[in-house]
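Structural overview
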Amino acid sequence: MSEVPEMMGDVPPVPAEIRGPLVGRADELDRLAGLVGLTDPPSDQPVPDGAVLLAGDAGVGKTRLLAELRARADAAGYRVLVGHCLDFGDSALPYLPFSEAFGRLATDSPTLARTLLDAGPGVARLLPARRTLPEHSDPAPDGDHGTIDRPDLFASVHAAFEMLGRTAPLLLVVEDIHWADRSTREMLNFLFSRGFDSPVSLVASYRSDDLHRRHPLRTAAAEWSRLPGVTRLELSRLADDDVRTLVGSLHPDPLPERSVRGIVERAEGNAFFTEELVQAADLGPDAMPDALADLLLVRLDQLDDETRQVVRAAAVSGRRVTHELLDRVLAGQVETLDAALRAAVERNVLVPRGGDGYAFRHALLAEAVYDDLLPGERVRLHASYARALQQGGVGGTAAELARHARAANDLTTAARASVAAGDEAMAVAGPDEAARHYELALELATDSGPGLLDDIDIVELTARACEASIASGQTYRAVALAQDQLKAASHDVTPHARLRLLRVLASAAVLADTGIDALAVTSEALELVTEHPDDPQRAHVMALHARASSEARRPEDAMHWAEEALELASRLGLVDVAADARTTLARVRERPDELSTSVALLEQTVAEAAAAGEIGVELRGRFNLATMRYENGLIEEARDSYKAATKRARASGRPWAPFGLESRVLGIQAAYVLGDWDSATRGADLTRESPPELAEAMVVSSGLVVRAGRGDATALDVLPSLRPHAEKEGMVALFAGFAAIDLYGDRGDLTAATAAYDQVVGSLGEMWANPDFQARIRMAALLLGHLAAAVPRSPSQDQGALVARADELWESAQRVAATRQKSPWSEGPEGLAWLARAAAEHARVRWLVGSAPTDLDELVALWRSAVEAFESFGHVFETARSQARLAAVLRAGGRTADSDEATALAVTTARRLGAEPLLRELRAGGEPAGRPTDSRRDESLTAREQEVLALVAQGRSNREIAGQLFISAKTVSVHVSNMLAKLGAGGRTEAVAVARRRGYLTDDRP
């Protein structure tokens, strides 16, 4: 028997075009497997026969599911036969899927196939070798030159399947029966109706979205579903969470949340759409892969000319269009709109929506149809929509009018409509959309000819665009807009207009690390404001100047201008300015002994701003109230305040606005400090959210400290994507830096950990024009800890460099602390805790290498101070990490009971948090119970043990020591073990430290 022709060839077990894993289909696969007799665990009962109609939209995952079913059947010992229906139109070959199935059987199992032919010769008529052109076909068997009646053919096929089922359970899969010819449908009808006595299961799949009202399979499928033993299984679209999982498995690198969300929305639960969109993700958020567009446009080709015209017009509207608007747009262009719409609905291109309109069955279909329009068609249809919307009576929004007018090249209408759309968006708490509309209007108004848009105030429009950008969390965009307009209008702008631009620029500059001298901007604004005592502008500018002075560390100036602004704002009834000035005053006056006064002031500010509907000022007050509590060690209260601010920002439609975003970020940190790491992780989860890129970077970086604490090495994969944002936003740089130092340090890569420290210190020192920023103490303490951990594994010749770097880090921490003491702001409990930790880590480094005569009691005291400082602050994890290192020092001094107590406390916390690196550190210390203590029960070391000790102190390995002393490495190991036991040490480094303290290693001995 010849090979199966390529057109009839079987597909591989997992088709090559399937790129992703099976996601979100476990329940459907289990049910399908159960219907065909595949149970887990396998049943010892006879396998029942079963028939299944598997339906679902194109691309939803039917083929992928059937591939998994086939693999499961193969593993269970089934014989699997597969046949496909192909889209050959009127030239379809009758019984094609059965020819394919029997042809593959003839190739794979020729002896079995011959047995089938002997038992039922009619099956031979379906073999591929008998169905090609005469010059390529095999000669017919002797006596087999006539025709065969259809009933006899059907009976032969049925008998063949029965016989196969008796040799092994049989699974017959027929795919894509929406393309089946009439003969194939009748064969299926016979098999479904008659059933089987042997274990034979039949699964037939089809595209439900291809079954229009007159499709021949529509009636047949309905009849088959009513037959006993036939089950219809509809494969629904994937859930959004499953699509997200599929996206993550398909793309080699993590995608920004906004990109993931865009794919989820566009794919609408379709697995094939998802795969194609992921492939095109790097081309842009709206990219449409050619293969996907071609597949979607096949549906358009199936429509008559008039229906295609209606569908194209609907695509210009977007995903959804009302009947009335479509009727007006197409007035006089189609004979019967209702008939065309009915045809589009029957073909599953459009679906009725909302009682008065229509939507595309798939949003991507609307995109594909729109992209397929010719430029002239597109412009004319957009112009028709713009006219219909301007005439009124058909609903619509200013945003829709702006879109259509711009696409129709009616730029004047587009600009005015964009301004209105921006105002509408701001009125309903949509700053992100408002910013886009304002920017579009600004672009159009700037490029328009003289006299066309003189009614639009460019300066005021710029200010609105800046304010919307700030509210949507795009502060840097606001800065760029304001600077660009200031530059463009530098010669012909009025002082009043320049003052307006300076105000919005200053408002943005004080919110982020923009590199702009906000104080210089507000100083210029003060010179432009009028001297009139009741000028509201003056109050606004003075409040901004106070904030800029505070940011520039000029507390006296900040207090003066805030008081001036507060007095004027109170007199003029400017609630927002008064609340803003009061917030600045509270922060400038903040002192530990005046905390209650500052808190009361901020609470009053928040209440007044909320009552007046001044959401921006309210959020600033809430954020500063929470931060004040955090800085004073009231972490629980601070977390509650951050939560309240975050919730308020979301409720107001400004989750990424200044102070709302920062509240979320620092709320994550508060949860981290309190040891509520699961809550912190949830806070950093951006699933189903669509933040601006910088906002996403801030939230993600904040969550990295938890991932570092748990030893999640995959967090390192996130660092490269954060680097561009770390160059603009200090919070991103800090949190990513904290995490990177620990992540690299915990895996023993001291070079990378040091580089992370240097990079952050360098970039932030330049960004803030201050290399001695407060957080540098924490960074130094973290890196010092990893330097200390590196000492035991470093050769003695490298330890000098470790000490030098440790000294440098400790000096920088002391310098920062000294600078802080000279400022009006005293060091808070967190800063004091990290300073204590840096001191203890520095002393540990020098003690381990023996480069300073640090007394062990002094070292214990430093570590006790670090533990107490973190306990006082409330930092659960760093308390435990400090306890672990205190335990190691205590154990080195032979204080076993105290060491065990500190170790037990650290272990309890580390286990609760899932802090695997800390648990590894604790396990490496070993169990101290039962070891010799500092009583020196066997004080004398043999001469050989002292020789070994001297070489251990030089950092030599057992093999190196053996070579120098001309003994075996095994003998060296015995000497080292004896030496450790006598010194009561848990490791080689600890033994060297104990030996130095006891005098076994003198100055003239390494």
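Structure shown above.
One structure accompanies this document, and this report is about it.

Cut-off values and rules
- Along each chain, numbering runs from 1 in the same order as the chain's sequence is written.
- The predicted nature of this model means local features are confined to residues of pLDDT at least 70 and side-chain atom pairs, given and counted, to a pLDDT of 80 or more, with totals for whole chains, interfaces and linings taken over all residues.
- With hydrogens and water set aside, each side-chain value is computed from the structure's full complement of heavy atoms.
- The numbering of helices and of strands both runs from the N terminus, where a helix is a DSSP run of H or I of at least 4 residues and a strand a run of E of at least 2.
- We call a residue buried when its accessible area falls under 20% of the maximum for its residue type, exposed when it is over 50%, and partly exposed in between, using a 1.4 Å probe and counting protein chains only.
- Two residues qualify as a contact provided that any one of their heavy atoms is within 4.5 Å of a heavy atom in the partner residue.
- Accessible surface is estimated by sampling points in the Shrake-Rupley manner with a 1.4 Å probe; for residues, cover comes only from the protein chains shown.
- Stacked, tilted and edge-to-face are the three classes applied to pairs of Phe, Tyr and Trp rings, where Trp contributes its six-membered ring and a pair requires centres within 6.5 Å; stacked means planes under 30 degrees apart, edge-to-face means over 60, and tilted covers the rest.
- Axis definition: a line fit to C-alpha positions, over the contact stretch in the case of helices; interaxial angles, taken between N-to-C directions, run 0 to 180 degrees.
- Angles below 35 degrees are treated as roughly parallel, those above 145 as roughly antiparallel, those between 65 and 115 as roughly perpendicular, and all remaining angles as oblique.
- Throughout, a crossing is termed right-handed when the near helix is turned clockwise from the far one, and left-handed when it is turned anticlockwise from it by less than a right angle.
- Each reported salt bridge corresponds to a side-chain nitrogen of Lys or Arg within 4 Å of a carboxyl oxygen of Asp or Glu.
- DSSP-based pairing: two strands are paired if at least 2 bridges between them are found.
- In this analysis, the protein atoms alone were mapped onto a 1 Å grid. Cavities are point sets where a 1.4 Å probe fits without being able to get out; pockets are open sets with protein on both sides within 12 Å along at least five of seven lines; lining residues have an atom within 4 Å of a point.
- Grid points are joined across faces, edges and corners, and a volume is the space filled by probe spheres set on the points.
- Ten residue types, Ala, Val, Leu, Ile, Met, Phe, Trp, Tyr, Cys and Pro, are classed as nonpolar, four, Asp, Glu, Lys and Arg, as charged, and the remainder, Gly among them, as polar.

Here we come to the overall build of the chain. Along the backbone of the chain there are 46 helices and eight strands. Counting all 1006 residues of the chain, 54% fall into the buried class. Contacts spanning at least 24 positions in sequence make up 70% of the contacts within the chain whose residues lie at least 6 apart. Total accessible area on the chain stands at roughly 43700 Å², and carbon and sulfur atoms take up 50% of it.

A few words on the packing of aromatic side chains. Counted under the stated rule, the structure contains 15 aromatic pairs. Residues Phe-623 and Phe-659 carry aromatic rings whose centres are separated by 5.6 Å and whose planes lie at 45° to one another, so their mutual orientation is tilted. Placement of the pair is Phe-623 in helix H28 (residues 615–631) and Phe-659 in the loop between helix H29 (635–651) and helix H30 (660–674), with a sequence separation of 36 residues. Each member of the pair Phe-623 and Phe-659 is classed as buried. Residues Tyr-630 and Phe-873 carry aromatic rings whose centres are separated by 5.9 Å and whose planes lie at 85° to one another, so their mutual orientation is edge-to-face. Pair noted here: Tyr-630 is in helix H28 and Phe-873 is in helix H39 (residues 856–873), with a separation of 243 residues, a long-range link.

A few words now on the environment of Met-163. Tracing the sequence through the fold places Met-163 in helix H5 (residues 150–167). As a C-alpha pair, Met-163 and Thr-115 span 48 residues in sequence and 9.4 Å in three-dimensional space.

The subject of this paragraph is the packing of helix H19 (residues 431–447) against helix H20 (residues 458–471). The N-to-C vectors of H19 and H20 enclose an angle of 155°; their axes lie 8 Å apart at closest approach. Relative to H20, the element H19 is oriented roughly antiparallel. Note on packing geometry: the crossing formed by H19 with H20 is left-handed. Each of Pro-431, Ala-434, Ala-435, Tyr-438, Glu-439, Ala-441, Leu-442, Ala-445 and Thr-446 in H19 lies in contact with H20, whose residues at this interface are Ile-458, Leu-461, Thr-462, Arg-464, Ala-465, Ala-468, Ser-469 and Ala-471.

Glancing now at helix H9 (residues 257–267). Considered for burial, the residues of H9 that qualify are Glu-257, Val-260, Ile-263, Val-264, Arg-266 and Ala-267. Summarising the contacts, the buried residues of H9 are in contact with helix H8 (240–250), helix H10 (271–279), helix H15 (363–372) and helix H32 (693–709). Glu-268, located one to two residues past H9, shows a positive phi value of around 55°.

This part is about the pattern of salt bridges. This model, assessed by the stated rule, comprises 59 salt bridges. Across the salt bridge formed by Asp-209 and Arg-299, the nearest N and O atoms sit 2.5 Å from each other. A residue pair is termed long-range when its members are at least 10 positions apart, and Asp-209 in the loop between strand E4 (200–207) and helix H7 (216–225) and Arg-299 in helix H11 (residues 290–301) qualify at 90 residues. Since its relative accessible area comes to 2%, Asp-209 is described here as buried. What makes Arg-299 buried here is its relative accessible area of 11%. Three or more residues joined by partner-sharing salt bridges are found here, namely Asp-742, Arg-837, Glu-841, Arg-844, Glu-878, Arg-881, Arg-885 and Glu-921.

Of all seven residues in strand E1 (residues 50–56), seven are buried, a share of seventy percent or more. By the bridge criterion, seven bridges tie E1 to E4 in an arrangement that is parallel. The residue bridging Ala-51 from the neighbouring strand is Leu-202, located in E4. Here E1 pairs with strand E5 (residues 230–234) via five bridges, running parallel. Each residue of the ladder has a partner; that of Leu-54, found in E5, is Leu-233.

A separate point is the layout of surface pockets. Approximately 1400 Å³ is the volume found for the second largest pocket. Elements with a contribution of two residues or more to the lining of the second largest pocket: H9, helix H12 (305–317), H15 and H19. Classifying every residue of the lining of the second largest pocket by side-chain character gives twelve nonpolar, seven polar and twelve charged.

Looking now at empty space enclosed by the protein. Applying the stated criterion across every chain yields a total of five cavities of 30 Å³ or more. Of the voids in this model, the largest cavity is the one considered here, and its volume is about 120 Å³. Around the largest cavity, the lining is made up of 14 residues, and of these Gly-473, Thr-475, Leu-661, Glu-662 and Met-698 lie nearest the centre. Ranked by residues supplied to the lining of the largest cavity, first place goes to H32 with three residues. In the lining of the largest cavity, the residues fall into ten nonpolar, two polar and two charged. Every residue lining the second largest cavity is listed: Tyr-672, Val-705, Ala-708, Gly-709, Phe-738, Ala-739, Asp-742, Arg-778, Leu-782, Phe-877, Glu-878 and Arg-881.

Further remarks concern the sheet that holds strand E7 (residues 350–353). One open sheet holds the three strands; their spatial order is E6-E8-E7, and the pairing between them is antiparallel. Only two strands of the sheet have a single partner each, and these edge strands are strand E6 (320–322) and E7. The sheet shows a mean angle of 30° between the axes of neighbouring strands, taken without regard to direction. Both E6 and strand E8 (residues 357–360) contribute to a ladder of three bridges, which runs antiparallel. Following the sheet pairing, Val-321 is matched in E8 by Tyr-358.

On to the environment of Ala-670, then. Along the chain, Ala-670 turns up in helix H30. In sequence terms Ala-670 and Tyr-630 are 40 residues apart; their C-alpha atoms lie 7.7 Å from each other. Here Ala-670 is in contact with Tyr-630, Ile-635, Arg-639 and Tyr-642, once residues within four sequence places are set aside.

Okay, the packing of H8 against H10 next. Close contact between H8 and H10 brings their axes to 10 Å; oriented N to C, the two are set at 40°. One way to sum up the angle between H8 and H10 is to call them oblique. Helix-helix and strand crossings are classified by hand; for H8 and H10 the assignment is right-handed. Contacts between H8 and H10 involve Val-243, Leu-246, Val-247 and Leu-250 from the former and Ala-271, Thr-274, Glu-275 and Val-278 from the latter. Taken together, the residues of the contact of H8 with H10 sort by class into six nonpolar, one polar and one charged.

Moving on, we get to the sheet that holds E4. In space, the five strands of this open sheet follow the order E2-E3-E4-E1-E5, with parallel pairing throughout. Strands at the two margins of the open sheet, each flanked by one partner only, are strand E2 (79–84) and E5. Each adjacent strand pair in this sheet contributes to an overall mean axis angle of 15°, direction not counted. As paired strands, strand E3 (residues 170–175) and E4 are joined by five bridges and run parallel to one another. From the neighbouring strand, Val-174 faces E4, where its bridge partner is Ala-204. Against the sheet, helix H6 (residues 182–194) makes contact with E1, E3, E4 and E5, and its axis sits at roughly 135° relative to E4, the strand it touches most.

Keep in mind these values describe shape, not function.
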